[in-house]
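Here is what each chain is made of, one letter per residue.
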Amino acid sequence: MKKIQMVDLIGQYEKIQQEVDKAVLDVIRSAAFINGPEVKAFQSELEAYLNVKHVIPCANGTDALQIVMMALGLQPGDEVITANFTYVATAEVIALLQLKPVLVDVYKDDFTIDVAAVEKAITPRTKAIVPVHLFGQCAKMEELMQLAQKHNLYVIEDTAQAIGADYHFSDGTKQKAGTIGTAGCTSFFPSKNLGCYGDGGAIFTNDDELGKKIRMIANHGQSVQYYHDEIGVNSRLDSIQAAILRIKLRHLDNYAAARRAVADYYDRAFAGHPKVITPKRATWSDHVFHQYTLVLNGPDRQQMREFLATKDIPAMIYYPVPLHLQKAYRDDRYKAGDFPVTEWLCANVISLPIHTEMDEATLKHITDHVLEFIANH
Ligand SMILES: *Cc1c(COP(=O)(O)O)cnc(C)c1O
């Protein structure tokens, strides 16, 4: 059996190697490294795939969030509501721009932002909501959009973990994650569902004016070269990464199907077991399983991780510490105990390997040993 990894990027590369190698060499031979034709082509192909008017490529997912908040003109002191149970990037850019992060709890079974908690957190200073489509499925966008409309708020979707997922509206229509709010942000970090071979990111929006502004901010605040209308940043997706992403985008739906098949296998293996809670699939969203995350009900997570390591099975903790208990984000407004669901999840979650290259023997090896451990603990 191949060495088990959380993500097998080499196995995935080997299947598209000829195509990728040629595309990378073509960029090198063209020397169009920055803003070359590959970037333009990737942009329009992603616009078509997502059915969104504007895709603005940038350097990474964290920049994407920052650029959107700058383009929306958010001002120091403006409150931005986001989920406490998330990767730090979301809160980081809010803090960097001197906005005020307002944290709220998540649902315990699907890990997405709690809509009632968002509603409670809205004040006259609230300007935006940043739902995070965590681990591969969408937050409750329909309800969040209604709330945003009622209170005149922007919605910035953090789609770094859920690109390609469909959101299902109650009227039966579907829309891709990241294309529903005011703007959506994603990351092409190598281990993400659509990952490049370095850093990359993108912003999506259907708003023409906002799209223009985002593009300008991402490019030193200039609309015409050397004429700077705004203070911007330098955030670009390079042509080599765009060439790789064009190839991988064609496989994205198959990659998602492969991840879902892994999740199905895990779900079946752990079904009904009292000591593990499997991730719930939302009725309003597809799940593209960026992560497969169990919540342990009793067994010690660290011991389980150590036991699995002796069987060459990696497991990771996403995320071990809620934002309000992180040293850099301590705030008088919050104390331990304020976010019971997030704190419980941070103490009990464990993510198993999930990627596009897993075979049945590997999955059996993993589930057999997880079940063995929990049977004895
Ligand atoms: C990965 C990730 C980001 C940041 O993306 P980078 O490209 O690493 O900057 C932001 N939010 C979430 C939820 C992520 O998973």
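Just so we're clear, the structure is a prediction, and the values are computed from it rather than from any experiment. (Residues numbered from 1 in each chain as written. Predicted model: local features only at pLDDT ≥ 70, side-chain atom pairs only at ≥ 80, totals over all residues. Heavy atoms only, no water.)

Trainee: Now, about the pattern of salt bridges: what can you tell me, with residues and values included?
Mentor: Across all of its chains, the model carries 18 salt bridges by this definition. Notably, a salt bridge pairs Lys176 with Asp166, separated by 3.5 Å at the nearest N-O pair. You can see Lys176 sitting in strand β7 (residues 174-176) and its partner Asp166 sitting in strand β6 (residues 166-168), a full 10 residues away along the chain. Residue Lys176 is classed as buried on the basis of its relative accessible area of 13%. According to the relative accessible area criterion, Asp166 is buried, its value standing at 13%. The shortest N-O distance in the salt bridge between Asp368 and Lys364 comes to 2.7 Å. One end of the pair, Asp368, and the other, Lys364, are both in helix α12 (residues 360-375), 4 residues apart, so they sit about a helical turn from each other. (Salt bridge = Lys/Arg side-chain N within 4 Å of Asp/Glu carboxyl O. Helix = DSSP H or I, 4+ residues; strand = E, 2+ residues; numbered from the N terminus. Buried < 20%, exposed > 50% of the residue type's maximum accessible area, 1.4 Å probe, protein only.)

Trainee: Account for the side chain of Glu343, naming residues and giving values.
Mentor: Mapped onto the elements, Glu343 comes out in helix α11 (residues 340-348). Buried and without a salt bridge, Glu343 has Lys335 as its closest oppositely charged side chain, separated by 8.8 Å. (Lys, Arg positive; Asp, Glu negative; His and termini not counted.)

Trainee: Give a detailed account of the packing of helix α4 (residues 61-71) against helix α5 (residues 89-96), specifying residues and quantitative values.
Mentor: At a minimum axis distance of 9 Å, the contact between α4 and α5 shows a crossing angle of 40°. Between α4 and α5, the crossing angle belongs to the class labelled oblique. By crossing handedness, the relation of α4 to α5 is classed as right-handed. Note on element contacts: α5 touches α4 through Ala89, Thr90, Glu92, Val93, Ile94 and Leu96, opposite Thr62, Leu65, Gln66 and Met69. Considering only residue class, the contact of α4 with α5 consists of 6 nonpolar, 3 polar and 1 charged. (Axes fitted to C-alpha atoms, helices over the stretch in contact; angles between N-to-C directions. Parallel < 35°, antiparallel > 145°, perpendicular 65-115°, else oblique. Left-handed = near helix turned anticlockwise from the far one by under 90°. Contact = heavy atoms within 4.5 Å. Nonpolar A, V, L, I, M, F, W, Y, C, P; charged D, E, K, R; others polar.)

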